[in-house]
Each structure stands twice: as structure tokens, then as C-alpha cells.
Amino acid sequence: MLPCAFGVRRLAAAFAGQKGGGKPPHSEGMNNRELIDNYLRNVAGRTGAPQALVEPLRRSLTASGKRVRGILTLSAGEAAGCKAEKLVEAAAAMEMIHTCSLILDDLPSMDDAMLRRGAPALHREFGEDLAILTAISLLNHAYGLVARNHAALNPRQWPLQQVIKRVADAVGWDGTIAGQAVDLHSEGSKLDFDTLEFIHSRKTGALFVAAAAVGGMLANISAAALGRIEVFAKNLGLAFQITDDILDVTGEAEQLGKDVRKDEQRLTFVKLAGVDGARKLSEELVETSLSSIANLGAPAAPLRELAAMVRDRVR
Ligand code: GRG
């Protein structure tokens, strides 16, 4: 496992300090976000899918996500000296995988959500059958996009097989799917940090790490710099998840665009540390993520901006 600031010792520190209040959203990273949004909008307009899938795909590709995973891909590539524009296919792919996970997560057999990205959850509008098919088609399309982006950039140090494996492992049975399975089957079990870390380092963290790794690898990053960026992404992913747990308790559906108070039966960081303790823990993780890329210099500025965005987010 990659090093991470998370642990029982950290929890104690988190309990000790109390801090409240939300900060305004950070506006940095918007250019990269627009790049991803434009790409996804274009794909939505020319999928060539049969009629039944056109609208669910369009809804899924154009709904207003924050694009954090895609921005992570672009920013990691920029840290390795590559222009963001050259990585937009891979960034869009990470967003498609993420959207796939949200659609599946919202299904009646999982979270049974009402609302997603400010609109009814996909299955509520189009039925479970089309929601599942839309999710799987996004996942599959994503692999093709990563392969195409790899062919265009041909990074010498990172053969396609390694890049694709990175993504496949991140969402596989020891990645996102593992986190989801344990999360769904942990209701009523003992609250402990090891289980929480297991769940969230996979459910949320694995795709953060893969998104950063793919951006770096396609930009032909060195193995040493890749390691630093992966540690950055791992800590940032956990910070992001902790904030998610906080917002589930403190936020409103209108502000977040999704159901709130969904976590009452689940293990969460807020249950273990309280809102203020969780906030402190998230801030510490963001600091740890920043220190892991301290020696990457000016090209890593977009990664630092993204960390600030995660730290300050209110949706
Ligand atoms: C095959 C990819 C795949 C997954 C199957 C359903 C499942 C296994 C996993 C669920 C993973 C999941 C939904 C994790 C939650 C992560 C999280 C914090 C989501 C919210 O992300 P935001 O806030 O959402 O970035 P937006 O809408 O802004 O993109």
C-alpha cells in the first residue's frame, strides 16, 4: 500500500482540534474542467448508440460533475511537462469510469438514490436496464479512449499494457468494486478505522490514484515522480471522501445535487471523528498530499490548485 497520513494516531490528533465553517469554492482548475466538459459534450452528440441509449448517455456525459478525477489526470500530466490538451481523452475516460460507478451506486440494489448531479438518478428516469447498460458502456468506452490517447502520445517508459492494467486494477475486485462490496455489506459491523480505510482507499481512492497515474504515464513521467504523484492522489482521495462524509451530514440536497443523510447506516469518518474531527483529518491529508509533491516544482502548480479545490469544496 502507498504511504498515507491516515491512522489511529491521526484520529487522536483530529479529535483534539475543532474547527468549523465552510470555505468558498476554489475557482482554479476551471480551464481544465472546461476542456473535459467540452470533450464529453462532443462525445454525447455523436455516440452512434441505438436510440434507447442516446438520451441516457447524453444525460450521463453532460451532467454537471466537478470533474475532479479528469482534472487530476490533466494536472498529473502537466506536472510531467505535458500539455493538458493532449490528455483530454484519458481525462474524459476517468470521468466516464467515475460516472459509471455513480450510476451503479445509485441503483435500488445499492444506494437506491433519488438524485444525482441535480437531476433524478439515471435509473429513475430511464429504468434499471438502461441505467446498467449505460454504465457498462461508459466503462468500456473509457478503456478505448485510454488506448487511443496512448497511441497518440506513445510514452516510451509506459507500454499500453501497463497503463490499461493500472486502470483495470483500480476498478477491479481489489479496487472500486472491493470497496463498494465491503461498504454495502458492513452495515451493523464494528466501526473501526482499518475497515473505513479499506473501503474508501478502494471505493474513492483507487480511481483517484489511477487517474493521476494515467495522466503521468501518458506524459512519460519518471517512475520516481509517478510514485510521488500517486501518494498525492491517495491522500487527496481520502481527504475528498472525508469531506463527502461531512457534506452528507452538514449539506443540503439542493447544494450538493444528490441525496443527503444517506450514510446513517454506514461506517463514516464523521461517525468516528465527529464533523470537526473529520474536517481536521481531511485538512491534514491535504497537507500530506501537498508535501508529497513539494519537490516537483512549478509544473505541479495545477496539482496544488486541485488540492486547494478539494480542501475548500462545499459541494
Ligand atoms: C465498475 C467503476 C465500477 C464500479 C462498481 C458501484 C461501485 C462499484 C462503486 C461505487 C463507487 C462510488 C460511487 C464511490 C463514491 C465516490 C464519491 C465520493 C463520489 C462523489 O464524487 P464527486 O463528488 O461527484 O466527484 P461529481 O458528481 O462531482 O462527479
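Residues numbered from 1 in each chain as written. Predicted model: local features only at pLDDT ≥ 70, side-chain atom pairs only at ≥ 80, totals over all residues. Heavy atoms only, no water.

**Describing the side chain of Ser-289**
Argument step 1. Tracing the sequence through the fold places Ser-289 in helix H13 (residues 269-292).
Argument step 2. Contacts of Ser-289, omitting those with residues within four sequence positions, involve Phe-232, Asn-235, Leu-236 and Ala-307. (Helix = DSSP H or I, 4+ residues; strand = E, 2+ residues; numbered from the N terminus. Contact = heavy atoms within 4.5 Å.)

**Notes on the side chain of Ser-75**
Argument step 1. Structurally, the position occupied by Ser-75 is in helix H4 (residues 68-79).
Argument step 2. Residues within four places of Ser-75 in sequence aside, it is in contact with Asn-32, Pro-302 and Leu-303.

**Examining the layout of surface pockets**
Argument step 1. Counted as a void, the largest pocket has a volume near 1,100 Å³.
Argument step 2. Lining of the largest pocket is provided by 50 residues; of these, Ser-101, Leu-102, Asp-105, Arg-116 and Lys-203 occupy positions nearest its centre.
Argument step 3. Mapped onto the lining of the largest pocket, the elements with two or more residues apiece are H4, helix H5 (88-106), strand S1 (115-116), helix H7 (128-153), helix H9 (176-184), helix H10 (193-218) and helix H11 (223-250).
Argument step 4. For the lining of the largest pocket, the per-class residue count stands at 18 nonpolar, twelve polar and 20 charged. (1 Å grid on protein atoms, 1.4 Å probe; cavity = no way out; pocket = protein on both sides within 12 Å on 5 of 7 lines; lining within 4 Å. Points joined across faces, edges and corners; volume = space filled by probe spheres on them. Nonpolar A, V, L, I, M, F, W, Y, C, P; charged D, E, K, R; others polar.)

**Considering the pattern of salt bridges**
Argument step 1. The full count for this structure, using the stated rule, is 19 salt bridges.
Argument step 2. Between Lys-258 and Asp-244 there is a salt bridge; the shortest N-O distance is 3.1 Å. In this pair, Lys-258 sits in the loop between helix H12 (253-256) and H13 while Asp-244 sits in helix H11, placing the two residues 14 residues apart along the sequence.
Argument step 3. Since its relative accessible area comes to 23%, Lys-258 is described here as partly exposed.
Argument step 4. Taken together, the salt bridges that share partners define one network made up of Arg-33, Asp-37, Arg-67 and Glu-95. (Salt bridge = Lys/Arg side-chain N within 4 Å of Asp/Glu carboxyl O. Buried < 20%, exposed > 50% of the residue type's maximum accessible area, 1.4 Å probe, protein only.)

**Let's talk about the packing of aromatic side chains**
Argument step 1. In total, this model carries two aromatic pairs according to the counting rule given.
Argument step 2. Centre to centre, the rings of Phe-193 and Phe-269 are 6.2 Å apart; their planes meet at 65 degrees, and the pair counts as edge-to-face. Note that Phe-193 is positioned in helix H10 and Phe-269 in helix H13, a separation of 76 residues in sequence.
Argument step 3. You can call Phe-269 buried: its relative accessible area is 0%.
Argument step 4. Ring geometry for Phe-208 against Phe-240: centres 5.3 Å apart, planes inclined by 50 degrees, an arrangement best described as tilted. Here Phe-240 lies in helix H11 and Phe-208 lies in helix H10, a separation of 32 residues in the sequence.
Argument step 5. By relative accessible area, which is 0% here, Phe-208 ends up buried.
Argument step 6. For Phe-240, a relative accessible area of 6% translates into the label buried.
Argument step 7. One residue, Arg-202, lies across the ring of Phe-198, its end atom 3.8 Å from the ring centre.
Argument step 8. Its end group placed over the ring of Phe-240, Arg-313 keeps NZ or CZ at 3.7 Å from the ring centre. (Phe/Tyr/Trp six-rings, centres within 6.5 Å; stacked < 30°, edge-to-face > 60°. Lys NZ or Arg CZ within 6 Å of the ring centre and 35° of its normal.)

**What to know about the nonpolar core**
Argument step 1. If you look at the biggest cluster of nonpolar residues, it comprises 83 residues, and the most contacted ones within it are Leu-72, Met-94, Met-96, Val-214, Ile-229, Phe-269 and Leu-303.
Argument step 2. Broken down by element, the residue count for this core peaks at twelve residues, all from H10. (Core = buried A, V, L, I, M, F, W, Y, C linked by side-chain atoms within 4.5 Å.)

**A short note on the site of the ligand**
Argument step 1. Around the ligand lies a shell of 19 residues, among which Lys-66, Arg-69, His-98, Arg-117 and Phe-240 are the nearest.
Argument step 2. Between the ligand and Arg-69, the relevant distance is 2.7 Å, taken from an oxygen atom to a side-chain nitrogen or oxygen of the residue.
Argument step 3. At 2.8 Å from an oxygen atom of the ligand is found a side-chain nitrogen or oxygen belonging to His-98.
Argument step 4. Here the ligand has 750 Å² of accessible area as a free molecule, and 93% of this is covered by the chains.
Argument step 5. In this structure, the ligand is accommodated by the largest pocket.
Argument step 6. For the shell around the ligand, the secondary structure elements donating two or more residues are H5, H9, H10 and H11.
Argument step 7. Looking at the shell around the ligand element by element, the count peaks at six residues for H5.
Argument step 8. Of the residues in the shell around the ligand, the class split is five nonpolar, seven polar and seven charged. (Near = heavy atom within 4 Å. Polar contact = N/O pair within 3.5 Å; in protein donor to acceptor, adjacent residues only side chain to side chain. Areas by Shrake-Rupley, 256 points an atom, 1.4 Å probe, with all protein chains shown as cover. Sits in = over half its atoms within 2 Å of the grid points.)

**Brief notes about the packing of H4 against helix H14 (residues 301-312)**
Argument step 1. Relative to each other, H4 and H14 sit at 155 degrees, their axes nearing to 8 Å. Relative to H14, the element H4 is oriented roughly antiparallel. Residue-level contacts link Val-68, Ile-71, Leu-72, Ser-75, Ala-76, Glu-78 and Ala-79 of H4 to Pro-302, Leu-303, Leu-306, Met-309 and Val-310 of H14.
Argument step 2. Within the contact of H4 with H14, the residues separate by chemical class into ten nonpolar, one polar and one charged. (Axes fitted to C-alpha atoms, helices over the stretch in contact; angles between N-to-C directions. Parallel < 35°, antiparallel > 145°, perpendicular 65-115°, else oblique.)

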